[in-house]
Amino acid sequence: MKPVNIGILGLGTVGGGTVNVLQRNADEITRRAGRGIQVTMASVRSMDKPRICDTSSITLTTDPFEIVNQPDIDVVVELIGGDTLALELVLQAIANGKHVVTANKALIAVHGNEIFSAAQKMGVTVAFEAAVAGGIPIIKAVREGLAGNRVQWLAGIINGTSNFILTEMRDKGRSFDDVLAEAQQLGYAEADPTFDVEGIDAAHKLTILASIAFGIPLQFDKAYTEGMRSLTTQDVSDAADLGFRIKHLGIARRTEKGVELRVHPTLIPEKRLLANVDGVMNAILVNGDAVGPTLYYGAGAGADPTASAVVADLVDVVRALTTDPENRVPHLAFQADALDDTAILPIEEVSSAWFLRIKALDQPNVLAGVTKILGDNGISIEAIVQKVPHHHGASVPIVILTHEVVEKAMNLALQAIGNMPEIEDDITRIRVEYLDPDQ
Ligand code: HSE
């Protein structure tokens, strides 16, 4: 059978990796797909730039529209990133009846509903395995492998850059800026690294995971994001003293009140496997009612790992070329007309346990005042430690671990505690998750 012609938009790290993997493993890939898969065209920003792949058999162009409008191209692989030009190109490719493979999490998280609806009308597939956690086949696992489950929650380390920074800060005491610069050099960080450290990149990925896990439309604008820039080595060591590690987690949970969709620094028990995922590695813990907890670990970025996911999507698309569009795996795992409208909970309505560090003057009744305010707001204390002051007359750090409480109650309590004259106003507050399979 004649090979399938691929056009790649963007021949940078992932594009180059995709060409390399397709060339290196051509025989294996053909045996799996049933047909050869060949890159015939690729768009580049500059013709002169050095590449990580051999382009001698590829027609290069600086005009990406030439590829999406090229009749000989069967599948377009979008790897330019961003959500403006990429959106235009992907919609044009779909309108031209081409299948699309993309690694673009922002594009899918923000415009996925529109893209999938256009694709459905045209009977084409838009595949996006590489958009979440690089080489880990998490989309396939949740969408197909767990199809018999009611997924209760998932929690993941889905940004390698922020995990690398946290790991280096913890293990080597390195500064935030120093580690971030290294992640940029290694090619892991986003073009705008605030996307990594402010949780936006993770929220893009979490939005996609939540949709395929729960069968809800993509709602990136409702995701709560909190960065990890404010974390200190003191937080890390206080957490360790209590038996926890701090991770920048993406959490999606189905509750009776609605769906939680949140990215923030989180204390998790150090004995959890997820707590031991270090460096740039990614891992996602998915809890299904039938299977229980399942964990997926691997490289979340980089040329070959991300290419692994792109090529897996290409094989899927090629296998599906001759199938009836109605009988393909739905883009968001659930049939498009069966997505439900469960609301995403505002963060004030989310319940979690908390780690608090309050600095107080060492005077009678101060601790009693703090615990009374917590109690008055329905907040139960799980553990409390008052540390020795650094010197006589200095404020003392009080570290508190609370039981679960709805966030708006914690906000009220901390406002009242912050108003106490004996309390310094920089109260540290970090959510705690036990990742308990029974929750
Ligand atoms: N900037 C992302 C990360 C790359 O650090 O994980 C993969 O999406």
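Heads up: the structure comes first, above all this text.
Note that the coordinates shown come from a computational prediction; the quantities given were computed from them, not determined experimentally.

**Q** Give a detailed account of the overall build of the protein, specifying residues and quantitative values.
**A** Broken down by element type, the protein carries 14 helices and 17 strands. Taking 2.2 N^0.38 as the reference for a compact globule, 439 residues should give roughly 22 Å; the C-alpha atoms of the protein span a radius of gyration of 24 Å, in line with that estimate. In terms of its C-alpha atoms, the protein occupies a principal-axis envelope of roughly 85 × 45 × 35 Å. The burial tally for the protein puts 52% of its 439 residues in the buried class. For the protein, the proportion of contacts with a sequence separation of at least 24, taken over those separated by at least 6, is 74%. For the protein, the computed accessible surface area is about 18700 Å², with 50% contributed by carbon and sulfur atoms. Charge centroids of the protein, computed over 37 positive and 56 negative side chains, lie 3 Å from each other.

**Q** Residues and numbers for the side chain of Thr 102, please.
**A** Considering the arrangement of structural elements, one finds Thr 102 in strand S5 (residues 99–102). Relative accessible area serves as the criterion here: at 1%, Thr 102 is assigned to the buried category. At a separation of 2.9 Å, a polar atom in the side chain of Thr 102 contacts the main-chain amide nitrogen of Asn 104. Setting aside anything within four residues of it in sequence, one finds Thr 102 in contact with Glu 78, Leu 107, Ile 108, Val 126, Ala 127, Phe 128, Ala 130 and Ala 131.

**Q** Account for the sheet that holds strand S1 (residues 4–9), naming residues and giving values.
**A** Ordered in space as S3-S2-S1-S4-S5-S6, the six strands form an open sheet in which the pairing is parallel. The outermost strands of the open sheet, each flanked by one partner alone, are strand S3 (59–61) and strand S6 (126–127). Pairing of S5 with S6 involves two bridges; the strand directions are parallel. Within S6, the position partnered with Val 101 by the bridge is Ala 127.

**Q** So what's going on with helix H12 (residues 303–320)? Residues and values would help.
**A** For H12, built from 18 residues, the straight-helix expectation of 26 Å at 1.5 Å per residue is met to within 8% by its first-to-last C-alpha distance of 26 Å. Every buried residue of H12 is listed here: Ala 303, Thr 306, Ala 307, Ala 309, Val 310, Val 311, Asp 313, Leu 314, Val 315, Val 317, Val 318 and Ala 320.

**Q** Give me the lowdown on the pattern of salt bridges, citing residues and values where you can.
**A** Inspection of the entire model under this criterion finds 30 salt bridges. Arg 262 is the partner of Glu 260 in a salt bridge, and the nearest nitrogen-oxygen pair spans 2.8 Å. Note on Arg 262: relative accessible area 0%, which makes it buried. For Asp 376, the salt bridge is made with Lys 372, and the minimal N-O distance between the two is 2.8 Å. With Asp 376 and Lys 372 both in helix H13 (residues 366–376) and four residues apart, the pair spans about one turn of that helix. Lys 372 shares its class with Asp 376; the two are exposed. If you follow the salt bridges from partner to partner, you end up with Glu 168, Lys 172, Arg 174, Asp 178 and Glu 182 in one network.

**Q** Go over the pairing of strand S12 (residues 292–299), please, and point to the residues and values.
**A** Here eight bridges tie strand S11 (residues 281–288) to S12, and the two strands are oriented antiparallel to one another. Opposite Gly 288, over in S12, you have Gly 292 as the bridge partner. In sequence, S11 turns back onto S12 through a hairpin of three residues.

**Q** I'd like to hear about helix H14 (residues 407–418), residue by residue, with values.
**A** The end-to-end C-alpha separation of H14 is 16 Å, in line with the 16 Å expected for twelve residues at 1.5 Å each. Residues of H14 that are buried: Glu 407, Ala 409, Met 410, Ala 413, Leu 414 and Ile 417. The buried residues of H14 occupy one face: seen down the axis, they fall within an arc of 150 degrees. In H14, those exposed residues whose orientation departs by more than 90 degrees from the buried face are Leu 412 and Gln 415.

**Q** For the site of the ligand, give the residues involved together with the corresponding values.
**A** Taken together, the neighbourhood of the ligand is formed by Lys 105, Asn 159, Gly 160, Thr 161, Tyr 188, Ala 189, Glu 190, Asp 196, Asp 201, Lys 205, Gly 300 and Ala 301. Contacts to the ligand include Asn 159, whose side-chain N or O atom sits 3.5 Å from an oxygen atom. Backbone polar atom of Tyr 188 to a nitrogen atom of the ligand: 2.7 Å apart, as the coordinates give it. Looking at side-chain class alone, the shell around the ligand contains three nonpolar, four polar and five charged residues.

**Q** Outline the packing of helix H6 (residues 138–145) against helix H10 (residues 200–214), listing residues and values.
**A** H10 packs onto H6 with a crossing angle of 15 degrees between their chain directions and a minimal axis gap of 9 Å. It follows from the interaxial angle that H6 and H10 lie roughly parallel. The element H6 and its partner H10 pack so that their crossing is right-handed. Residue-level inspection shows Ile 138, Ile 139, Val 142 and Arg 143 of H6 in contact with H10, the latter providing Ile 208, Leu 209, Ile 212 and Ala 213. Looking at the contact of H6 with H10 residue by residue, the classes come out as seven nonpolar, no polar and one charged.

**Q** Kindly report on the nonpolar core, identifying the contributing residues and their values.
**A** Counting 55 residues, the largest nonpolar core has Ile 138, Ile 208 and Val 286 as its most contacted members. At the level of secondary structure, the elements contributing two or more residues to this core comprise helix H3 (64–68), helix H4 (85–95), helix H5 (105–122), H6, strand S7 (151–157), H10, strand S10 (259–269) and S11. Top contributing element to this core by residue count: H10, with nine residues. Structurally, this core is a two-domain feature, drawing no fewer than three residues from each of domain 1 (4–135 + 303–335) and domain 2 (138–299). In this structure Ile 138 touches Glu 129, Val 132, Ala 133, Leu 209, Ile 284, Val 286 and Tyr 296, once residues within four positions along its chain are discounted.

**Q** Before we move on, could you go through the pairing of S11 and cite the residues and values that matter?
**A** Summarising burial for S11: seven of the eight residues are buried, a large majority. As judged from the six bridges shared by S7 and S11, these two strands associate in the antiparallel manner. Looking across to S11, one finds that Ile 157 is bridged to Ala 283.

**Q** Quick one: what's the story with the packing of aromatic side chains, residue by residue and with numbers?
**A** Using the criterion set out here, one finds two aromatic pairs in the structure. Look at Phe 244 and Tyr 434: their rings are 5.8 Å apart centre to centre, the planes differ by 75 degrees, and that puts the pair in the edge-to-face class. In this pair, Phe 244 sits in strand S9 (residues 244–254) while Tyr 434 sits in the segment after strand S17 (428–432), placing the two residues 190 residues apart along the sequence. The ring of Trp 354 is capped by Arg 429, whose NZ or CZ atom sits 4.6 Å from the centre of that ring.

Calculation rules
- Residues numbered from 1 in each chain as written.
- Predicted model: local features only at pLDDT ≥ 70, side-chain atom pairs only at ≥ 80, totals over all residues.
- Heavy atoms only, no water.
- Helix = DSSP H or I, 4+ residues; strand = E, 2+ residues; numbered from the N terminus.
- Rg over C-alpha atoms; globule rule 2.2 N^0.38 Å.
- Buried < 20%, exposed > 50% of the residue type's maximum accessible area, 1.4 Å probe, protein only.
- Contact = heavy atoms within 4.5 Å.
- Areas by Shrake-Rupley, 256 points an atom, 1.4 Å probe, with all protein chains shown as cover.
- Lys, Arg positive; Asp, Glu negative; His and termini not counted.
- Charge placed at Lys NZ, Arg CZ, Asp CG, Glu CD.
- Polar contact = N/O pair within 3.5 Å; in protein donor to acceptor, adjacent residues only side chain to side chain.
- Pairing = 2+ DSSP bridges.
- Expected span 1.5 Å × (residues − 1).
- Salt bridge = Lys/Arg side-chain N within 4 Å of Asp/Glu carboxyl O.
- Arc of directions from axis to C-beta.
- Near = heavy atom within 4 Å.
- Nonpolar A, V, L, I, M, F, W, Y, C, P; charged D, E, K, R; others polar.
- Axes fitted to C-alpha atoms, helices over the stretch in contact; angles between N-to-C directions.
- Parallel < 35°, antiparallel > 145°, perpendicular 65-115°, else oblique.
- Left-handed = near helix turned anticlockwise from the far one by under 90°.
- Core = buried A, V, L, I, M, F, W, Y, C linked by side-chain atoms within 4.5 Å.
- Domains from an automatic or database assignment.
- Phe/Tyr/Trp six-rings, centres within 6.5 Å; stacked < 30°, edge-to-face > 60°.
- Lys NZ or Arg CZ within 6 Å of the ring centre and 35° of its normal.

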